[in-house]
Each structure stands twice: as C-alpha cells, then as structure tokens.
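For reference, the chains in residue letters:
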Amino acid sequence: LVFESLGERLEGVFKRFRGQGKLTEENVGEGLREVRLALLEADVNFKVVKDFVDRVREKSLGQEVMKSLTPGQQVVKIVHEELVGLLGGSTTELDLRGKTPAGIMMVGLQGSGKTTSAGKIALWLRREKKMKPYLVPADVYRPAAIDQLTKLAGQIGVPVYPSTPDMNPVDICADALSRAREEGCNVILYDTAGRLHIDEPLMEELSRIKDKCAPAEILFVADAMTGQDAVNVAKSFDERLDISGVVLTKMDGDARGGAALSIKSVTGKAVKFVGLGEALSEMEVFHPDRIASRILGMGDVMTLIEKAQTTIDEDEAKALQDKMREASFNFEDFRVQMRRLKKLGSLEGLLKLIPGMGKLSQQLGGLNMPEKELGRVEAMIDSMTRDERRRPELLNKSRKARIAKGSGATVAEVEQLCANFTQMRAMMQNMMGGGKKGKKGLPAM
Ligand code: GDP
C-alpha cells in the first residue's frame, strides 16, 4: 500500500503530542526528530527532509498557531499543510492549450512504464476529456515496443501510427503529427525510446523530436519503486529537455513514497499522474491534498485535520460573538454561516466550533434544518437586497411578498424565516450575555 509505513510512523509521532498542554521548543524538537526519521525511512531526499522539518518547526513555534486546537492537532495540521506543499501544492492538470493536435511526449528510462502510461493517458483523455487521441510508437530500438503500443491502441480503439523498426524516430513523429491532423485527432502521444541509463545519443534524439514537434507537454515517466534514483534521473531529463511534468508509475508497489515526496522539491516539476497497476484503467490524476490526507489518514488523524480546517478562525469568531451580543447579527452573517454549515453537516456542528456556543446548540435542537430546507432558506436570503440582509428590520409586508416571489417560496415561509431569525438572534444575545446595556429588546421586523 502506498505510503503505508510513513503514515504509521507519523501517527506514532502525533500520539505523543496528545495530553501535552502546549507546544514548546522541547516537545516540538522531540516530535520533529521522529518526523525526520520517518521521512528518511520513506526514502525522501535528505535536503528535502531538512527543509521540511525546519518549516514545520518554525510554524509550530511561530504565530501561525490556532489557539483553539490542541498541540497535537496543531502539529498534525502543520505537517499536513507542509506535506501538501511537498507533493506539489495544488493539483496540476495537463496543459493542452495551443496548437491542435496538442502533443504529449513520453520520456524516461526503459521499463519505467512509458508505453503503458501512454495507453493509460490516451484512454483517460478520451474518457474524461472527450478528446480524440492518436498514439505514436517512436521506440524503434526495442521492436517489441512498437507491437506493445499498437496492441494497446487496438484495445482502447485509438488510431496508431504504423511505425516500423527501420524508420527514423524523428521522422516518425513528424509524419505522425500530420497524420493525426488529417484524421481529426486533437491530441497526439509520442512514446519515445528509453535506455537503461541516460545516454547522450538518446538525449540528442529526444531534443530533436521536441524541436520538430513542439509538444505541449513532455512527461517524464518514473518508476516510483526506484525512489531517489527516479528523482535523480528526473533531474537529468529536466535539465536537458525541460520536462513539463512527471508520471509516477508502480505506486501500487511502493510503500515508502520517497520519489513522490521529493520530485517536486528537487526538480520543480509536478507529478501529474500516478500509475497504480498494470491495467489501463489503473491510473489516477495526482491530487497532493488527497495524497497528504491519505498519508496521515490512519486512525483518527484525518478527523483532526478536518476539524482543524473547518474551525472558524479566531478573529472571525470574536466578531461573530460581538454581533450576537449586540443583536446586530444579520441575514448577511447568517448566510455566510449557513454556507459554512452546508459543508459541515449541521447547525449544531457549526455552533460547537464557535467558542461558548456549545450550550446554545443544544437549546437550538429544534432549529436543526435538513439539507433541502437549507436550500430554500438560502434562496430566500438570496432574494433579499443587500440592505435588507444587513438591516432585517426593513422587511415589511411588501418586501416580504417580493422576496417570496423571487425565491419561489410562499409569503408564509418568508414570515416563518423572519420569525425564526428573530428568535435565534434573541437566543444568541441572551447566551452571549448581551442586551443589558444599550438597546433594549429586539428591533421589530
Ligand atoms: P517502458 O519500457 O517504459 O515503455 O515500460 P512499459 O510500459 O513496457 O512497462 C514496464 C512494465 O511495468 C510492464 O510490465 C508494465 O505492465 C509495468 N507497469 C507499468 N506501469 C505500471 C504500474 O503503474 N503499476 C504496475 N504494477 N506495473 C506497471
């Protein structure tokens, strides 16, 4: 299983932070020694590990920490963020804009999975992007390579260039490009030759193909199981060809994940796809955030992260509390919270995240709205003008009628919403100990 051992190691580290009152230089230092070992054991590049640990230390001891989380949760959150960064940040899609057909050149060492990945990507482009791919076998040195890709093309029903071993690879690619255009294909995949090691004649050939065909993407295909070797080879290919991304194959057999965790930091180029098996469907787009969550996804670690991420930040919570106390909480605020609530699942869940609101959420049990109801409420609030949302007291009979009409609700429903809102606001104000000084009672609606 991918990243299994790393995940287990990290979970052990996080457990140690539980029950600790606060993050200190000492306990962070101890925890990070373990994180460092775990990453090195996962075969992550040592320089990458050092930078990673330094950043986590800085963030853990710095000001970016949220007081509403426990020390363990803080560390998990920071490690998660940094892992996402290591893996490349956000998902990097293929960029096939520009000339048609768009070219994708597959490069890499022999046996890395180029031919298989060319077939997988062709299938993916057809299924997911509704594109018309064209496949080009350009490895004339290993005769079986041409057969292999031709067979794959047949399996997925994609046209393939009739290469023969006596042809020149650069000519093949150039001619295939015009064929693909004639056949109305909008994406063309070149499966180039590989060698056991990097050698100059191969690099020369690859750069000539690049110059001639100007592909939109040059994808370096790497066998994840070769760990740091894959990273080093990627670096050499990038220096020579300026690759646009990486396909990491055989992740299904790699429990360590060192290549995935180092390649972006070392080469600056993102992993775009991962191969997870021999079959043509066994490929996925590489999503750094999902992978990071998967690494940390053992036990209850995931829940912690989710909670940390949905926790309202402290300034916002403070502003909200003030508004509640002064009963100036309006429909605008309500809508913001409602949208958040949709993600969270329930009003109760939301209120629990606001400090001091736990009790209120129990009292509001009856206000728990199901998903569908929320949609209707949101439609009504959307139909209000900005002024009305900010000053609910403006809502008179004719305005309510207009809102009902605009949102497809009945006037009674709008009345009900306003009544509920007033009630909720009163309860909030009560809970927050407001209303003693200042305005008495509630503004009429
Ligand atoms: P090429 O020489 O770079 O074209 O490599 P191939 O595409 O011929 O792949 C070499 C071997 O690796 C073949 O046996 C493939 O079936 C296998 N392979 C390729 N990708 C994956 C993958 O993601 N997972 C697994 N388990 N095997 C793979």
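Scroll up to find the structure.
The structure contained in this document is the topic of the report that follows. On a predicted model such as this, the values are computed, not experimentally measured, just so you know. (Residues numbered from 1 in each chain as written. Predicted model: local features only at pLDDT ≥ 70, side-chain atom pairs only at ≥ 80, totals over all residues.)

### Digging into the overall build of the protein
So, step 1. When its secondary structure is counted, the protein shows 20 helices and 7 strands.
So, step 2. Counting the 445 residues in the protein, one finds 39% classified as buried.
So, step 3. Restricting to contacts in the protein with at least 6 residues of sequence separation, those with at least 24 account for 74%. (Helix = DSSP H or I, 4+ residues; strand = E, 2+ residues; numbered from the N terminus. Buried ≥ 20, exposed ≤ 12 C-beta atoms within 10 Å, placed from the backbone. Contact = placed C-beta atoms within 7 Å.)

### Examining the sheet that holds strand β4 (residues 217–223)
So, step 1. Spatial strand order, β2-β3-β1-β4-β5-β6-β7: 7 strands in an open sheet with mixed pairing. The open sheet has two edge strands with one neighbour each: β2 (133–138) and β7 (283–285). Here the strands of the sheet are splayed against their neighbours by 20 degrees on average, with no regard to which way each runs.
So, step 2. When strand β1 (residues 102–107) meets β4, the two strands line up parallel, connected through 4 bridges. For Ile-104, the partnering residue across the bridge sits in β4 and is Glu-217.
So, step 3. Most of the contacts of helix α5 (residues 114–129) go to strand β3 (residues 187–192), to which it runs at about 170 degrees, and overall it touches β1, β2, β3, β4, β5 (245–249), β6 (271–275) and β7. (Pairing = 2+ DSSP bridges. Axes fitted to C-alpha atoms, helices over the stretch in contact; angles between N-to-C directions.)

### Focus on the environment of Glu-41
So, step 1. Within the secondary structure layout, Glu-41 lies in helix α2 (residues 25–41).
So, step 2. Here Glu-41 falls in the partly exposed class, since 13 other C-beta atoms lie within 10 Å of it.
So, step 3. Counting along the chain gives 36 residues from Glu-41 to Ser-5, while the straight-line C-alpha distance between them is 8.8 Å.

### Focus: helix α3 (residues 46–61)
So, step 1. For α3, which comprises 16 residues, the first-to-last C-alpha distance of 23 Å matches the rise-based estimate of 22 Å (1.5 Å per residue) to within 8%.
So, step 2. Those residues of α3 that fall on the buried side of the exposure criterion are Val-49, Phe-52, Val-56 and Ser-60. Buried residues of α3 fall within an arc of 65 degrees about the axis and therefore sit on the same side. More than 90 degrees from the buried face of α3, the exposed residues found are Lys-47, Asp-54 and Glu-58.
So, step 3. Taken together, the buried residues of α3 touch α2 and α4 (71–86). (Expected span 1.5 Å × (residues − 1). Arc of directions from axis to C-beta.)

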